[in-house]
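# Architecture at a glance
This is what each chain is made of:
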Amino acid sequence: MGDFENLQVQFGALDTKMDPRTAPPGTLTIAENAQVQTQGVYKKRYGYTALLHNLSSIIRLATLGSMLIACDGNALYNYDAAGSPPFNGWHSVGRVPAASISQKSVILDQSVSAFVGYSTALSAGVRVDSWIDSTNGYVTIQLSNEATGALISRTLVDSTGVWNVVHSVTVGSFVFVAFSSNALQKINAVLINCSLETLSASTNIQTGAAVSAARAAFDMVAVSSTDVVLAWSSATPDVRAWRMNAITFASVAGPTVVGAEASNRGLAVMATEGEFGTVLYYNLALGVMRAACFNAATTAQTVAPFTVSAAAAPVNSNAGLVRYDATTVLAVWDWAANAPALPYVEWATVTSAGVVGTVRGPLYNHFLSSKPYTYASKFYVNAGYASAVGQQVSHFTVQLNDAVTSAFVPVAVHAYRSAGGSSPPMLSDVVASTTGVYRTLLTYAYKFLSTTTTRQGLISAETDFISPTRLLPVEANGDTLFANGAAVKYDGVNVSENNFHAYPEFISATPGAIGAAGMDNGVYSYVAVYESADAKGNTARSTTSVPIAATTTAGAGLGKVTLVTTQLNMTQLGWTSARQQGSISYFRTAPSTGAVTTHYYVGSSKIDPKSATATFVDSTNDSLIITERRLYTDGGILDREPPLPSKQMVLHQGRVWGISSADPKLVFYSGDVAPGEDVWFSNIQRFRVEPGGDLSAIASLDDKLVLFKDDRIFKVTGRGSNQLGQNNDLSLPQLISSDAGCVNPRSVVQTPDGIMFLSKKGIYLLNRSEQVSYIGAAVDYFTSNYQTCTSAEMVPDRLEIRFTMVDPVAPLVTPAGVTLVYDYSQDRWTHWALNDGAPAVDSVFADGVWHWTKADGHVYREDSTTYLDDGAYVPMTLETAWIEPSGSQGFARVNRVMVLGQWRDDHGLEVQVAKDYSDAYTMDFTWDAAALAALGLEQVAAHLPDQKGQSYRVRVHDYEDGASTGEGYWTTGILLKAKPIRGAFDKLLQAGAKA
């Protein structure tokens, strides 16, 4: 039969998609913790060193130049490795509440001009939206599929009268909707069986004198899977609480008078089973916010009414409560006016013993637009911007801080400058659609081309605190911008909003007289702008205010004008002397010089977010201002605006481009990025990509803006309009591929060959010729079993692209996380288990080094001086596909397996052999560090005790033994001493397998 012959098998490329029984000899099915040194030579990857750990969690890593940045979801930190303790390590540089948003239309109906009440709830996969329209006061309930958004039904459930307030709560698989009317002095209810998608008839549950005719203040809360507690004002007058079974409409306890006094306007209730209940309400006669406590089970009063907050002049509009802990609730309310005209929001803790904490706030120039809620031990509420001119009403999700001096940093922005109304007649309910994702109904203003008046619609606005795409960064103009529910930027010193969320509004412009050196007689036009400069010297400018006119008559050179504007409150600017400051800059015309349309700078006042208004006195003569700078929009320049809430942004063609998270088919882009000015946006610089579903990712490829959806790819060429909004050269979106799309923006990475990204089918490459190829076929096993990519980074000094993958699917595979590494110089993949397979939540290439992080706040940097992971030994494992010495299904004898390598450092070596397509490695050989060191050349041979077979598989890996930096060994391949045996595999078969 011949002598044994040498069968040389050089280690080839990793391939997990090809059947290992048919793969070419040398193909690897495992190349763990290996790097490609040269063609066919594998060495161990470098190890990782932990940075100083003083953060408890991290969701995002980013860079600003060579600076490493991290965010834990609430604050931003930079890393200082060079400082001396305690100044080295991570340092907080500002607040960044991280959230993503989505926004879906619930109703846009030309027959509905406004809403007096609206609420949302969820059960059994069905979303229940309820509203009362202003045209007739009727109640409508809409059922939708939560997963798809498909409409199930829309039902007019009660048209018996004019209803004022509606609330809904989830009770088991049901949703209970109740609504009240002061004209009818009634509270009615409807029960929705979400499993069957059916509605009961509208049923009266309280009527007559039991319900106030003055204002139907009413609220409710679920306390169990069957019971709710309702609170309302009666005609007696008093405040009552009632526990009822929402499924049967039967009384459980009460109604009980918990406050023997009138409740006017805002009223809220919070009750928790086994703890206590609280009602919060406004007493018009006393002009104060009041509260009372009761037993949640019996509704019996436990603490008589007490004052929570008093205000001398304003009237309350709305109030809300949320559980703080087992003995405390957080109360939040708004006052309908401040001096001179706009509302503000305050809050305080209230205990079950009636103890009121420090009243916090105020958040000036805002009103409540939802009930408060809590997530991860922090408290949030939706607050609307109260626009004096009615042109920039927006809804903000705001974190309620414990300290008055803390900045009001918006977590998210909804219905940006398009919210309907300036203060709702009631607060919308908030529902957790999933853990960490909160939804509420908010008003939305719109106008059809066929109508002349603005209409109101309802949107389902979600604030998502767990979205994996929160705070995706992009560097531009020396700053790092973060895509978020409310966009923020970091300039290396300060964190602030990216541009301003509002523009100043004039409250008044009052002419007067001054003794000398004043203004001439004339009609003057004023415009105000918020301005600030960052640490890089880039100036941010807000949208310009609506102009206001003032006429001076005091005589030539004797006039003045006193200007009062709103202050900027939703900002990180100016809260402390250490923070970045800003100003309100004023511009006016100069009619006596003939400049009646050009606006010149006349002065500024400081942005003071702790104030409601700012006052500035202008008396400068026209002859002196015409040498000052002009208003930046003079000449038709576009107004500056902030970016939309976004899911991803990218730098392309000298501009920043992003995908709107509120409307994920919408792409927006900035003006030209230029030193000296903040990155700015305009609402005319946007376009839509309609075909298919939502946009999932965006990338820059040469002169093309690449737009991904889950199942297709588009491109757009051109740079867009100039700063006048003219000469838009953008092409229409053109389809590149309908074969593959991107499912995760974190997987998008630019490479020398094009754009790599994760699709539903694995990792693909869009090359510079716009061809799409399945470049990740070799790691198909991993992309099939680890379906979430948390980062994709190019490491240019290693000529590698690294994808961190997590979320192993069932049947569960190990480890919990894997890093897929593509060597683009040799077109080879390997896979790494970082820190024994710990999942990486993000990675970044910073200051020439690759960093990655775990969710617990530990950050690691690649360290070319070691091959240990934070001191732990890292084995390199290589496993071949099946080697068939006599061809497929041939029969052979292999008596030795030899491994050729190069000893690099102390280690032990294990060689395992399996045969005949069995998953079990039945032959195992080891050499300790002393034995290997004595060899000089790492060349070992294993004599097989079980030699006959049709196929052989070899696994080689090292293990810790001796003092070592962990490098272990390099290896090129294996050699099998084999000889064929006449016949085929059927010699091995049992009789039953032969026909």
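Residues numbered from 1 in each chain as written. Predicted model: local features only at pLDDT ≥ 70, side-chain atom pairs only at ≥ 80, totals over all residues. Heavy atoms only, no water.

In terms of nonpolar packing, the biggest core is built from 52 residues, with Met756, Phe803, Leu820 and Trp829 touching the most fellow members. Once residues lying within four places of it in the same chain are set aside, the contact partners of Trp829 are Leu14, Met756, Ile763, Ile775, Gly776, Ala778, Val779, Phe803, Leu820, Val821 and Tyr822. In this structure, Ala271, Tyr281, Phe294 and Ala296 belong to the second largest nonpolar core, which totals 39 residues. (Core = buried A, V, L, I, M, F, W, Y, C linked by side-chain atoms within 4.5 Å. Buried < 20%, exposed > 50% of the residue type's maximum accessible area, 1.4 Å probe, protein only. Contact = heavy atoms within 4.5 Å.)

A separate point is the environment of Ser737. Within the element layout of this structure, Ser737 appears in strand S59 (residues 734–737). C-alpha separation for the pair Ser737 and Arg45, spaced 692 residues apart in sequence, amounts to 36 Å. A polar contact of 3.1 Å, which involves the side chain of Ser737, links it to the backbone nitrogen of Asp739. (Helix = DSSP H or I, 4+ residues; strand = E, 2+ residues; numbered from the N terminus. Polar contact = N/O pair within 3.5 Å; in protein donor to acceptor, adjacent residues only side chain to side chain.)

On to the pattern of salt bridges, then. A full pass over the atoms with the stated rule returns 44 salt bridges. Close ionic contact of Arg243 with Asp227 constitutes a salt bridge, the shortest N to O distance being 3.0 Å. Of the two residues, Arg243 is situated in strand S22 (residues 239–245) and Asp227 in strand S21 (residues 227–233); the sequence distance between them amounts to 16 residues. Residue Arg243 is classed as buried on the basis of its relative accessible area of 5%. On the basis of relative accessibility, which here comes to 7%, the residue Asp227 falls in the buried class. Residue Asp702 is joined to Arg768 by a salt bridge in which the shortest nitrogen-to-oxygen separation is 2.5 Å. Here Arg768 lies in the loop between strand S62 (762–767) and strand S63 (772–773) and Asp702 lies in the loop between strand S56 (695–701) and strand S57 (704–709), a separation of 66 residues in the sequence. Since its relative accessible area comes to 35%, Arg768 is described here as partly exposed. (Salt bridge = Lys/Arg side-chain N within 4 Å of Asp/Glu carboxyl O.)

The next point concerns the packing of aromatic side chains. Within the structure shown, the criterion is met by 32 aromatic pairs. Between Tyr344 and Tyr364, the aromatic rings sit 5.5 Å apart at their centres with planes inclined by 55°, giving tilted as the arrangement. Of this pair, Tyr344 sits in strand S30 (residues 344–351) while Tyr364 is found in strand S31 (residues 360–364), placing the two residues 20 residues apart along the sequence. For the pair Tyr344 and Tyr364, a shared accessibility class is recorded, and that class is buried. With centroids separated by 5.4 Å and ring planes inclined at 65°, the aromatic side chains of Trp882 and Tyr917 adopt a geometry described as edge-to-face. In this pair, Trp882 is assigned in the loop between strand S71 (877–880) and strand S72 (890–903) and Tyr917 in the loop between strand S73 (908–915) and strand S74 (923–927), connecting sequence segments 35 residues apart. Overall, the relative accessible area of 3% leaves Trp882 in the buried class. Under the relative-accessibility criterion, Tyr917 is labelled partly exposed at 24%. Ring pairing ties together the aromatic residues Tyr48, Trp832, Trp850, Trp852 and Tyr860, which thus form one cluster. (Phe/Tyr/Trp six-rings, centres within 6.5 Å; stacked < 30°, edge-to-face > 60°.)

Another point: the environment of Ala407. Assignment of secondary structure puts Ala407 in the loop between strand S35 (395–399) and strand S36 (410–414). Residues Ala407 and Asn569, spaced 162 residues apart in sequence, show a C-alpha to C-alpha distance of 8.3 Å. Beyond its immediate chain neighbours, meaning those up to four positions away, Ala407 contacts Arg95, Asn401, Thr571, Gln572 and Trp575.

The next thing to look at is the sheet that holds S30. In space, the 4 strands of this open sheet follow the order S28-S29-S30-S31, with antiparallel pairing throughout. Each end of this open sheet is capped by a strand with a single partner; those strands are strand S28 (316–325) and S31. Put simply, the sheet's adjacent strands are angled 20° from each other on average, direction ignored. (Pairing = 2+ DSSP bridges. Axes fitted to C-alpha atoms, helices over the stretch in contact; angles between N-to-C directions.)

Sheet architecture is open: 4 strands sit in the order S6-S7-S8-S9, paired in antiparallel fashion. Sheet topology places strand S6 (60–64) and strand S9 (89–95) at the edges, where each strand pairs with a single neighbour. Sheet twist, expressed as the mean angle between neighbouring strand axes with direction ignored, is 30°. Here 5 bridges tie S6 to strand S7 (residues 67–71), and the two strands are oriented antiparallel to one another. Paired with Thr63 across the two strands is Leu68, which belongs to S7.

With that out of the way, let us pick up the pairing of S71. The side-chain alternation of S71 yields two buried faces, one formed by Thr877 and Glu879 and the other by Leu878 and Thr880. Where strand S2 (residues 28–32) and S71 come together, 4 bridges link them in antiparallel fashion. Across the sheet, residue Leu28 finds its bridge partner in S71, namely Thr880. In the sheet, S71 pairs with strand S77 (residues 952–959) via 3 bridges, with the strands oriented antiparallel. Each residue of the ladder has a partner; that of Leu878, found in S77, is Val956.

Here the focus is the layout of surface pockets. Volume-wise, the largest pocket comes out at about 940 Å³. Pro473, Val474, Val748, Ala792 and Glu793 are the residues nearest the centre of the largest pocket, which is lined by 31 residues in total. Those elements that place two or more of their residues in the lining of the largest pocket are S6, strand S40 (473–476), strand S52 (646–652), S56, strand S60 (749–751), strand S64 (786–795) and strand S68 (842–846). In terms of residue count, the dominant contributor to the lining of the largest pocket is S64 (5 residues). Along the lines of polarity and charge, the residues of the lining of the largest pocket split into 18 nonpolar, 8 polar and 5 charged. (1 Å grid on protein atoms, 1.4 Å probe; cavity = no way out; pocket = protein on both sides within 12 Å on 5 of 7 lines; lining within 4 Å. Points joined across faces, edges and corners; volume = space filled by probe spheres on them. Nonpolar A, V, L, I, M, F, W, Y, C, P; charged D, E, K, R; others polar.)

Before going further, it helps to spend a moment on the side chain of Ser747. Tracing the backbone through its elements, the reader meets Ser747 in the loop between S59 and S60. The exposure class assigned to Ser747 is buried, which follows from its relative accessible area of 0%. A distance of 2.9 Å separates a polar side-chain atom of Ser747 from the backbone nitrogen of Leu758. Among residues more than four places away in sequence, those in contact with Ser747 are Cys742, Met756, Phe757, Leu758, Cys789, Ala792 and Phe803.

Among all residues save glycine, negative phi is the norm, and among peptide bonds the norm is trans. For the bond running from Gly254 to Pro255, omega is 5°, close enough to zero to count as cis. Mapped onto the elements, Pro255 comes out in strand S23 (residues 250–259). Here the amide bond leading from Gly361 into Pro362 is cis, since omega sits at -5°, within 30 degrees of zero. Here Pro362 shows up in strand S31. Of note in the backbone geometry, Asn365 takes a positive phi value of approximately 60° without being a glycine. A positive phi angle is found at Ser377, which is not glycine, with a value near 65°.

What follows is about the pairing of strand S37 (residues 430–434). Here 4 bridges tie S37 to strand S38 (residues 437–446), and the two strands are oriented antiparallel to one another. Across the sheet, residue Val430 finds its bridge partner in S38, namely Thr440. Hairpin connection of S37 to S38: 2 residues between the antiparallel strands, including Gly436 at a positive phi of 85°.

Turning our eyes to something else, we now look at the environment of Ser747. Taking C-alpha positions, Ser747 is 8.9 Å from Ser759, a pair spaced 12 residues apart along the chain. Polar side-chain contacts of Ser747 include one of 2.7 Å to the backbone oxygen of Asn744.

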